[in-house]
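Listed below, chain by chain, are the residues.
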2 protein chains.
Amino acid sequence: MPETKVLINLSNRHMHLSREDVEALFGPGHQLTKLKDLLQPGQFACEELVTIKGPKGSIANVRILGPERKETQCEILSSDVFRLGVPTCPPRESGKLDGSTSFVIEGSKGSVKKDKGLIIAKRHVHFDPASAEAFGVKDNELVDLRVDGERGAVFLNVICRVNSAYALECHLDFDEGNAVGIGSGSYGHVVRR
Amino acid sequence: MPETKVLINLSNRHMHLSREDVEALFGPGHQLTKLKDLLQPGQFACEELVTIKGPKGSIANVRILGPERKETQCEILSSDVFRLGVPTCPPRESGKLDGSTSFVIEGSKGSVKKDKGLIIAKRHVHFDPASAEAFGVKDNELVDLRVDGERGAVFLNVICRVNSAYALECHLDFDEGNAVGIGSGSYGHVVRR
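Residue indices follow the written sequence of each chain, beginning from 1 at its first position. Lettering of chains starts at A and numbering of ligands starts at 1, both following the order in which they are written. Residue-level local features of this predicted model are given only where pLDDT is at least 70; pairs of side-chain atoms are given and counted only at 80 or more, and the full residue set underlies all totals for whole chains, interfaces and linings. Side-chain calculation: all heavy atoms of the structure are included, whereas hydrogens and water are not.

## Structural notes on the nonpolar core
- We call a set of buried residues a nonpolar core when its members are Ala, Val, Leu, Ile, Met, Phe, Trp, Tyr or Cys and they connect through side-chain atoms within 4.5 Å of each other. Only protein chains enter the accessibility calculation, which uses a 1.4 Å probe. A residue is then buried if its area is under 20% of the maximum for its type, exposed if over 50%, and partly exposed in between. Ranked by internal contacts, the top residues of the largest apolar core, which has 43 residues, are A:F127, A:L145, A:F155, B:L145 and B:F155.
- By residue number, the principal contributor to this core is strand β12 (residues 153–162) of chain A, which donates five residues.
- By the convention used here, residues are in contact when the closest approach between their heavy atoms is within 4.5 Å. Apart from the residues lying within four places of it in its own chain, the contact partners of B:F155 are A:G152, A:A153, A:A179, B:R123, B:V143, B:D144, B:L145, B:V147, B:L172, B:E176 and B:V180. Labels follow the DSSP assignment, with helices taken as runs of H or I lasting at least four residues and strands as runs of E lasting at least two, numbered in each case from the N terminus.

## Observations regarding the interface of chain A and chain B
- Tallying the contact residues gives 23 residues for chain A and 23 residues for chain B.
- The three residues of chain A that bury the most area against chain B are A:E150, A:R151 and A:N178, which together make up 30% of that side's buried surface.
- One speaks of a salt bridge when a side-chain nitrogen belonging to Lys or Arg is within 4 Å of a carboxyl oxygen belonging to Asp or Glu. Our count for the contact surface shared by chain A and chain B stands at six salt bridges.
- For A:K122, the salt bridge goes to B:E150, with nearest N and O atoms at 3.3 Å.
- A 3.5 Å cut-off defines polar contacts: any pair of N or O atoms within that distance qualifies, except that in protein one atom must be a possible hydrogen donor and the other a possible acceptor, and neighbouring residues in sequence count only when both atoms are side-chain atoms. Taken together, the links from chain A to chain B amount to 19 residue pairs in polar contact (both at pLDDT 80 or more).
- Those elements giving two or more residues to the side of chain A that touches chain B turn out to be α2 (78–84), β12 and α4 (174–180) of chain A.
- Grouping the constituent residues of the side of chain A that touches chain B by class yields nine nonpolar, seven polar and seven charged.
- Only when DSSP finds a minimum of two bridges between them are two strands counted as paired. As judged from the three bridges shared by β12(A) and strand β12 (residues 153–162) of chain B, these two strands associate in the antiparallel manner. Note that in β12(B) the partner of A:V154 across the bridge is B:V154. In this description, buried area is defined as the sum, over both parts, of the accessible area (probe of 1.4 Å) that is lost when the two are combined. Lys, Arg, Asp and Glu make up the charged group, whereas Ala, Val, Leu, Ile, Met, Phe, Trp, Tyr, Cys and Pro make up the nonpolar group; the residues left over, Gly among them, are polar.

## Concerning the pairing of strand β10 (residues 124–127) of chain B
Residues and elements named next belong to chain B.
- Neither face of β10 is open: one carries H124 and H126, the other V125 and F127, and all of them are buried.
- Relative to β12, β10 runs parallel, the two being bridged by four bridges. Bridge pairing in β12 places H124 opposite I159.

## A few points about the relation of the copies chain A and chain B
- Alignment of copies: least-squares fit on C-alpha atoms of residues with pLDDT of at least 70 in both copies. Under the fitted operation, chain A is carried onto chain B by 0.0 Å of movement along the axis and a turn of 180°, and the coordinates agree to an RMSD of 0.0 Å. This pairing of chains is accounted for by a two-fold axis.

## Quick notes on the layout of surface pockets
Residues and elements named next belong to chain B.
- Cavity: a set of points on a 1 Å grid over the protein atoms alone where a 1.4 Å probe fits but cannot get out. Pocket: an open set with protein on both sides within 12 Å along at least five of seven lines, its lining residues, like those of a cavity, having an atom within 4 Å of a point. Grid points are joined across faces, edges and corners, and a volume is the space filled by probe spheres set on the points. Size it by volume and the second largest pocket reaches roughly 1200 Å³.
- Along the wall of the second largest pocket there are 48 residues; nearest its centre are H14, H16, L38, L65 and H171.
- With four residues, the top contributor of residues to the lining of the second largest pocket is strand β13 (residues 169–173).
- Grouping the constituent residues of the lining of the second largest pocket by class yields 17 nonpolar, 15 polar and 16 charged.

## Remarks on unusual backbone geometry
- The peptide bond linking A:G66 to A:P67 adopts the cis configuration, its omega dihedral lying at 0°.
- Among the structural elements, A:P67 can be located in the loop between β5 (58–66) and β6 (73–75).
- Positive phi outside glycine occurs at B:N61, with the angle close to 60°.
- Within the secondary structure, B:N61 sits in strand β5 (residues 58–66).
- Take B:N61: its relative accessible area is 58%, and that puts it in the exposed class.
- Here the phi dihedral of B:N157 falls at roughly 60°; this positive angle occurs in a residue that is not glycine.
- Here B:N157 falls in the partly exposed class, since its relative accessible area comes to 21%.

## Digging into the packing of aromatic side chains
- When the centres of two rings from Phe, Tyr and Trp lie within 6.5 Å, Trp using its six-membered ring, the rings pair. Their planes under 30 degrees apart give stacked, over 60 give edge-to-face, and anything left gives tilted. The final tally for this structure, using the stated rule, is two aromatic pairs over all chains.
- Centre to centre, the rings of A:F127 and A:F135 are 5.3 Å apart; their planes meet at 70°, and the pair counts as edge-to-face. No difference in accessibility class separates A:F127 from A:F135, as the two residues are buried.
- A ring has a charge above it when a Lys NZ or an Arg CZ is no more than 6 Å from the ring centre and no more than 35 degrees off the ring normal. When the ring centre of A:Y187 is taken as reference, the NZ or CZ atom of A:K5 above it lies at 4.8 Å.
- For B:K34, the ring lying beneath its charged end belongs to B:F44, and the centroid distance is 5.4 Å.

## Section: the pattern of salt bridges
- Summed over the entire model, instances satisfying the criterion amount to 36 salt bridges over all chains.
- Among the salt bridges present, the one from B:K53 reaches B:E106, with a minimum N-O distance of 3.1 Å. Placement of the pair is B:K53 in strand β4 (residues 44–53) and B:E106 in strand β8 (residues 101–106), with a sequence separation of 53 residues.
- Looking at B:K53, the relative accessible area reads 34%, which means it is partly exposed.
- Taken together, the shared-partner salt bridges connect A:E93, A:K96, A:D139 and A:R161 into one network.

## Looking at the side chain of B:H171
Residues and elements named next belong to chain B.
- Mapped onto the secondary structure, H171 falls in strand β13.
- Relative accessible area serves as the criterion here: at 17%, H171 is assigned to the buried category.
- Engagement of the side chain of H171 in a polar contact is seen with the side chain of H126, the distance being 3.4 Å.
- Once residues lying within four places of it in the same chain are set aside, the contact partners of H171 are N9, S11, Q40, R123, H124 and H126.

Rendered as structure tokens:
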């Protein structure tokens, strides 16, 4: 029988920044400061925080995650869409930003207007290749994720991402965790179709 | 084939008050003031708002729903548990308050400390008897509720409530709606077990 049990950690709204935007927001030559390592190898939460702004509101204290990326993106919660007053915000895989939403970022030393980059992260499971084999899943395969319990649910259309740089971990966001009454460090089951 | 399609409306945190607590919070003889009718016959949102308090925080502008009930209860979101700092808050059917959480209510004319009554509402579907027959469900039956779409999910353990005073309607809360990216007025499908 293939493995099914997977660790779930919950993501709050957060931001990834390009080198150019790190400098625009925090000053020329600025380097992101590691606050703590995340479970995915090489990924870390930073001390740096920004404010994000939409047409009708702003949200302060949005955490930067490092390291820097090629393109800036901000992953928000469905519940943030109304607060910011953005007309829409598509569910997207990380890094797939075409047609995503415009927004403004304010850092301690400057602000940047982005034409795109505001997304709701698609639910996903990170697999290292050995785990992917044990679970019987392939990169980009869509599976379902069952969370048991009194407030349980089966989340549909969860994308599997397989890469030797990854550790086995499912990422849901705070809205999804709250909907089933779980916190980070819970477990779910991958259901293949 | 039985019917499956059901209207979903989302509940924000809200409160139902006993006569005694209406008077304690808004003054002797006070009557709740209807703001607008809800879909369930005889139920209405009130102009009155209260603040609820837990050990570590408070939440203002919590809407009262009428009419008065035998016992005061406050239905909060999973995301409110941390804000209030209450140690736990059980998922409960409306009116089943034994062992639920203690909290404080502040109205315009006074405040009340409740030993119980703070709950997270269990997902539920209201059925009039004819609809229950068309869907093939009985009072207190547990079903699942499928919400389609890119961020779809199947919510497990949704309780069916059948009563001639009810209209056909599924109640999820804001956390659950946000998790699947829907608003009030969406549709789901009842899945019998």
